[in-house]
Amino acid sequence: MIDQLPALIIVAPLLGALLTPIIGWRYRQLCRPCALMILVIPLYASCGALLQVVRTGPFGYNLGGWAPPWGIEYRIDYLSGLMLVLIAAIGLLAAFNAKPGVKMDLRGKEPHFYTLLLLQITGLLGIVITGDLFNIFVFLEISSLSGYGLIAHGEDGAPMATFNYIIIGTIGASFYLLGVGYLYMATGSLNIADLATILPNLYHSKMILVGFAFFTTGVAIKMGLFPLHVWMPDAYTTAPSPVSTLIAPLMTKVAAYILIRIMFTLFQPEFSISVVPAATILGWMAVVAIIVGGIKALAQTDIKRMVTYIMIAEVGYIVMGISVMNRPGLTGAILHIVNDACMVFCLFLVIGAISYKGHGREIYHFQHLNKKMPFTMAAFVIVALSMCGIPPACGFFSKWYLIMGTIVAKQWVFSITLLGSSLVNAVLFFRIIEKAYLAPLDGGAHSHDHDREEVVVVRDEAPASMLIPILIMAAIIIILGPLSGKIIAAVIQHAVPAAF
Amino acid sequence: MLEYILAKYNFWIYVVLMMIGLYAMMGKRNLVKKLIGMNIFQTSIILFFVSTGVKKGGATVPILMGHGHGHGQHLIQVADYLNPLPHVLMLTAIVVSIATTGVALATLILIYKRYHTLEEDEIMAIRKDPSAYKTLG
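Criteria and thresholds
- Residues numbered from 1 in each chain as written.
- Chains lettered and ligands numbered in written order.
- Predicted model: local features only at pLDDT ≥ 70, side-chain atom pairs only at ≥ 80, totals over all residues.
- Heavy atoms only, no water.
- Helix = DSSP H or I, 4+ residues; strand = E, 2+ residues; numbered from the N terminus.
- Buried < 20%, exposed > 50% of the residue type's maximum accessible area, 1.4 Å probe, protein only.
- Contact = heavy atoms within 4.5 Å.
- Areas by Shrake-Rupley, 256 points an atom, 1.4 Å probe, with all protein chains shown as cover.
- Phe/Tyr/Trp six-rings, centres within 6.5 Å; stacked < 30°, edge-to-face > 60°.
- Axes fitted to C-alpha atoms, helices over the stretch in contact; angles between N-to-C directions.
- Parallel < 35°, antiparallel > 145°, perpendicular 65-115°, else oblique.
- Nonpolar A, V, L, I, M, F, W, Y, C, P; charged D, E, K, R; others polar.
- Core = buried A, V, L, I, M, F, W, Y, C linked by side-chain atoms within 4.5 Å.
- pLDDT = per-residue confidence, 0-100.
- Salt bridge = Lys/Arg side-chain N within 4 Å of Asp/Glu carboxyl O.
- Pairing = 2+ DSSP bridges.
- Polar contact = N/O pair within 3.5 Å; in protein donor to acceptor, adjacent residues only side chain to side chain.
- Expected span 1.5 Å × (residues − 1).
- Bend = angle between axes of the 7 residues up to and from the residue.
- Patch = residues over 30% accessible without salt bridge, like charges linked within 9 Å, V, L, I, M, F, W, Y side chains within 5 Å.
- Left-handed = near helix turned anticlockwise from the far one by under 90°.
- Disulfide = S-S within 2.5 Å.

Asks: Just give me the short version of the overall build of chain A, but keep the residues and values in it.
Replies: If you tally the helices and strands in chain A, you get 19 helices and two strands. For chain A, the C-alpha atoms occupy an extent of roughly 80 × 60 × 45 Å along the three principal directions. Considering chain A as a whole, with its 500 residues, one finds that 62% of them fall into the buried category. When contacts within chain A are restricted to residue pairs at least 6 apart in sequence, those whose partners lie at least 24 apart make up 79%.

In structure tokens:
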């Protein structure tokens, strides 16, 4: 049983996606408990896999008993183990959180929602666990397709945003597939570990260069790296809140994981420095992404759209950490994948709770929200501090490593961009915190000549199934900070290639 | 020059098809035409993959080689058989592309129900000014 855990990570949610509509056909209220029970299995299995990696090193699982270059191999190393736990945990919490939101936004569609949610998590886990290039494409499309289906249920602009997302996402996936094709033509293999041994002799072949270019472009589209981000704000803003809570933190991070795999496992790091200037190009794209993401976020008054633009900047952080090509930079990038997934997840949870309570998402709607929803707003403040990079929270530590990376690489523009972006984040979040906590209680009555009635603010907190994930994530954000040294020592430092 | 183009004609076909698809996705205003462009784009990649499996000069299916010889194992040379793997991969890719088309068509139905049109500029006009909806629909 314990040997088959890696297969269970994929099989359990996939079978669950089959079971949920069958159960939900008759007993709609059973969908959620069923999905929750199924999602515990991948979380347990991924924790087991990560522990085994930490204890005995990376291991593979041959699907169907066929050895790697011919059969499909599931490969679990330090990086994928960490990502598996992250995805499974966030998936479970998102499913737990979804109940009130689904009841409000997707009434009567519970079986559809939980089916697509399970498929989405299957796809994301599959991308991370597999050691086969073509399998990554298939799982990428599974997660994208279920994502399209989920987003389309949203508010007014959602179908149009979904259609644009389908078109652009398909271009990205097709580019990735073309990259696979070129590499397969040159080498005759699809296994990542196998390719990594064959490729170094072929680095100057035009076919490999073209394949690499298609790979990075395709992944950059899926990731929403700056000039290719156009699908992201509309899709994530218009999606129903339980959906954006699930998709937004994970989809871009998994694409960043694929980029790390391609640049550091499939190809040697030297390839992206000396053979093609990919590292330099990605680095400057990341600078533009951070600057434009910050400016665009400043221009928004809708907080959900603001968070989406912040995410574009955060993708820039991760890519910047990858592009500086040294140990602290890549450590920071991997740590930031984990931290940013937690922070964005918590932000979307808070936004979901606020809009569930019918408060609206414009900044002026946040007035007095600290009295109405004290716990939710406390979690929001913690995330805001973490986003700005204030020490006890986790955001500080990954930013520290990222800035260290840019300093070691002597890329001063990169360092300044990172520091400036933290200031922008401070402005972004403190204008909301100020509105929530420091706005005058009488609602601006003294500017008019009303009689000064005290506005009575009633506490109106989100339901428990929303509040519990919010508080758990807020606690995790604080705990991850002091723990980051341990995580780096146990996991991340082994995920960074030894050449650095 | 012409020989150079002809020698790799399968690549040129796929590039031309891909550009047609990209043009349709970006240039056309009608959403169904965009979707058709996306299909052409995906098909071009499928054709590219399938064409990479081709071998000229008497290559055959791998199973047929060992047959009829009778005396034990004999090594099949890679050059002697067609590689079936790209075709098998493309079966999966075709399924993916059909699924994408299905989801996109379902989205188009949603869009049509909401705006009663599939022209992108008309939808933009309606989204900017909902009163335009009545004059159009």
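Asks: Quick rundown of the overall build of chain B? Include the residues and the values.
Replies: The secondary structure content of chain B amounts to seven helices and zero strands. Within chain B, contacts between residues at least 6 apart in sequence are counted, and of these 48% link residues at least 24 apart. In the form shown here, chain B has an accessible surface area of approximately 8700 Å², with 69% of it arising from carbon and sulfur atoms.

Asks: How would you sum up the packing of aromatic side chains? Please name residues and give values.
Replies: Going through the model one piece at a time under the given rule, you end up with 25 aromatic pairs over all chains. Taking the centre distance of 6.0 Å and the plane angle of 35° together, the rings of F396(A) and W400(A) count as tilted. Of this pair, F396(A) and W400(A) both sit in helix 17 (residues 395–408), four residues apart, which is roughly one turn of the helix. Accessibility expressed as a relative area gives 49% for W400(A), which makes it partly exposed. Counting every residue linked through ring pairs, the aromatic cluster contains F175(A), Y182(A), F214(A), F11(B), Y14(B), F41(B), F48(B) and F49(B).

Asks: Help me get a handle on the packing of helix 6 (residues 158–187) of chain A against helix 2 (residues 9–27) of chain B, residues and values and all.
Replies: At a closest axis distance of 12 Å, the pairing of helix 6 of chain A and helix 2 of chain B adopts a crossing angle of 170°. As summarised for this structure, helix 6 of chain A and helix 2 of chain B are arranged roughly antiparallel, according to the angle between their axes. Within the contact between the two elements, helix 6 of chain A uses I167(A), I171(A), F175(A), L178(A), Y182(A) and M185(A) and helix 2 of chain B uses F11(B), Y14(B), M18(B), L22(B) and M25(B). Tallied by class, the residues present in the contact of helix 6 of chain A with helix 2 of chain B amount to 11 nonpolar, no polar and no charged.

Asks: Can you explain the nonpolar core? Please cite residues and give values.
Replies: Judged by nonpolar contacts, the single largest core of 212 residues is most densely connected at Y176(A), L266(A) and F267(A). Setting aside chain neighbours within four positions, we find F267(A) in contact with L183(A), L199(A), Y203(A), I208(A), F212(A) and I262(A).

Asks: Please give an account of the confidence of the model for chain A that cites residues and values.
Replies: Here chain A averages 88 in pLDDT, while 96% of its residues score no lower than 70. When pLDDT is averaged over each element of chain A, helix 5 (residues 133–151) of chain A comes out on top at 93 and helix 15 (residues 369–372) of chain A at the bottom at 80.

Asks: I'd like to hear about the pattern of salt bridges, residue by residue, with values.
Replies: Residues and elements named next belong to chain A. In the structure shown here, the tally under the stated rule is nine salt bridges over all chains. Between K222 and E141 there is a salt bridge, with the nearest N and O atoms lying 3.7 Å from each other. Taken together, the residues K222 in helix 8 (residues 206–223) and E141 in helix 5 connect sequence positions 81 residues apart. In this structure E141 comes out as buried when scored by relative accessible area, which is 2%. Through salt bridges with shared partners, a single network forms among E155, D302 and R361.

Asks: Run through the confidence of the model for chain B, naming residues and quoting values.
Replies: All names here are of chain B. Of the residues in chain B, 82% have a pLDDT of 70 or more, and the chain-wide mean is 82. The secondary structure element of chain B with the lowest average pLDDT is helix 7 (residues 132–136), at 57, and the one with the highest is helix 3 (residues 31–52), at 92. Predicted complex metrics record ipTM = 0.87 and pTM = 0.91.

Asks: Could you give an account of the pairing of strand 1 (residues 59–62) of chain A, naming the residues involved and the relevant values?
Replies: All names here are of chain A. Where burial is concerned, the two faces of strand 1 differ: the one with F59 and Y61 is buried and the one with G60 and N62 is not. Judged from the four bridges that link them, strand 1 and strand 2 (residues 73–76) form a sheet pairing that is antiparallel. Bridging across to strand 2, N62 finds its partner in E73.

Asks: For the side chain of E120(B), give the residues involved together with the corresponding values.
Replies: Structurally, the position occupied by E120(B) is in helix 6 (residues 120–128). Using a relative accessible area of 9% as the deciding quantity, one classes E120(B) as buried. With near-sequence residues (within four places) excluded, E120(B) lies in contact with M160(A), N164(A), K28(B), R29(B), L31(B) and K34(B).

Asks: A description of the interface of chain B and chain A should follow, citing residues and the corresponding values.
Replies: Taken together, the contact pairs 37 residues of chain B with 31 residues of chain A. On the surface where chain B and chain A come into contact, there are zero salt bridges. At the boundary of chain B with chain A, the tally comes to four residue pairs in polar contact (both at pLDDT 80 or more). Of all the secondary structure elements, the ones that give two or more residues to the side of chain B that touches chain A are helix 2, helix 3, helix 5 (85–115) and helix 6 of chain B. Looking at the side of chain B that touches chain A element by element, the count peaks at 17 residues for helix 5 of chain B.

Asks: Account for helix 1 (residues 5–26) of chain A, with residues named and values stated.
Replies: Residue and element names in this part refer to chain A. Look at helix 1: 31 Å from first C-alpha to last across 22 residues, which is about the 32 Å you get at 1.5 Å a residue. Where helix 1 bends most, the angle comes to about 25°, and this point is V11, followed within four residues by the proline P13. Listed in full, the buried residues belonging to helix 1 are L5, P6, A7, I9, I10, A12, P13, G16, A17, T20 and G24. Buried positions along helix 1 lie against helix 2 (31–56), strand 1, strand 2, helix 3 (78–105), helix 4 (110–129) and helix 5.

Asks: Describe helix 4 of chain A, with residues and values.
Replies: Its 20 residues give helix 4 of chain A an end-to-end C-alpha distance of 28 Å, which sits within 8% of 28 Å, the value for a rise of 1.5 Å per residue. Burial runs high along helix 4 of chain A: 18 of the 20 residues are buried.

Asks: An account of unusual backbone geometry is requested, with residue identities and associated values reported.
Replies: It is generally the case that most residues other than glycine have a negative phi and that most peptide bonds are trans. Residue and element names in this part refer to chain A. Even without glycine at this site, M325 takes up a positive phi of about 60°. Structurally, M325 is set in the loop between helix 13 (303–323) and helix 14 (327–356). Residue M325 is classed as buried on the basis of its relative accessible area of 11%. Positioned with a positive phi, K410 is a non-glycine residue whose angle comes to about 60°.

Asks: Account for the environment of P111(A), with residues named and values stated.
Replies: Residues and elements named next belong to chain A. Within the secondary structure layout, P111 lies in helix 4. Along the primary structure P111 and L30 are separated by 81 residues, whereas in three dimensions their C-alpha atoms are 9.0 Å apart. In this structure P111 touches T20, P21, G24, R28 and C31, once residues within four positions along its chain are discounted.

Asks: Give a description of a nonpolar patch on the surface that names residues and reports values.
Replies: A contiguous nonpolar patch, built from V11(A), L15(A), L18(A) and I22(A) and spanning about 380 Å² of accessible area, is present on the exposed surface. Note on V11(A): relative accessible area 39%, which makes it partly exposed.

Asks: Which residues make up the packing of helix 8 of chain A against helix 10 (residues 241–266) of chain A, and what are the values?
Replies: All names here are of chain A. At their nearest, the axes of helix 8 and helix 10 sit 8 Å apart, and the two run at 160° to each other. Classified by the angle between their axes, helix 8 and helix 10 sit roughly antiparallel to one another. Helix 8 and helix 10 meet at a crossing whose hand is left-handed. Contacts between helix 8 and helix 10 involve F212, F215, T216, V219, K222 and M223 from the first element and T252, A255, A256, I258, L259, I262, M263 and L266 from the second. Per-class residue counts for the contact of helix 8 with helix 10 are 11 nonpolar, two polar and one charged.

Asks: Would you mind going over the state of the cysteines in detail, with residue names and values included?
Replies: A covalent bond bridging the sulfur atoms of two cysteines is what the word disulfide describes. According to the stated counting rule, one finds zero disulfides over all chains in the structure shown. The cysteine C342(A) is free of any disulfide, with C394(A) supplying the nearest cysteine sulfur at 6.3 Å.

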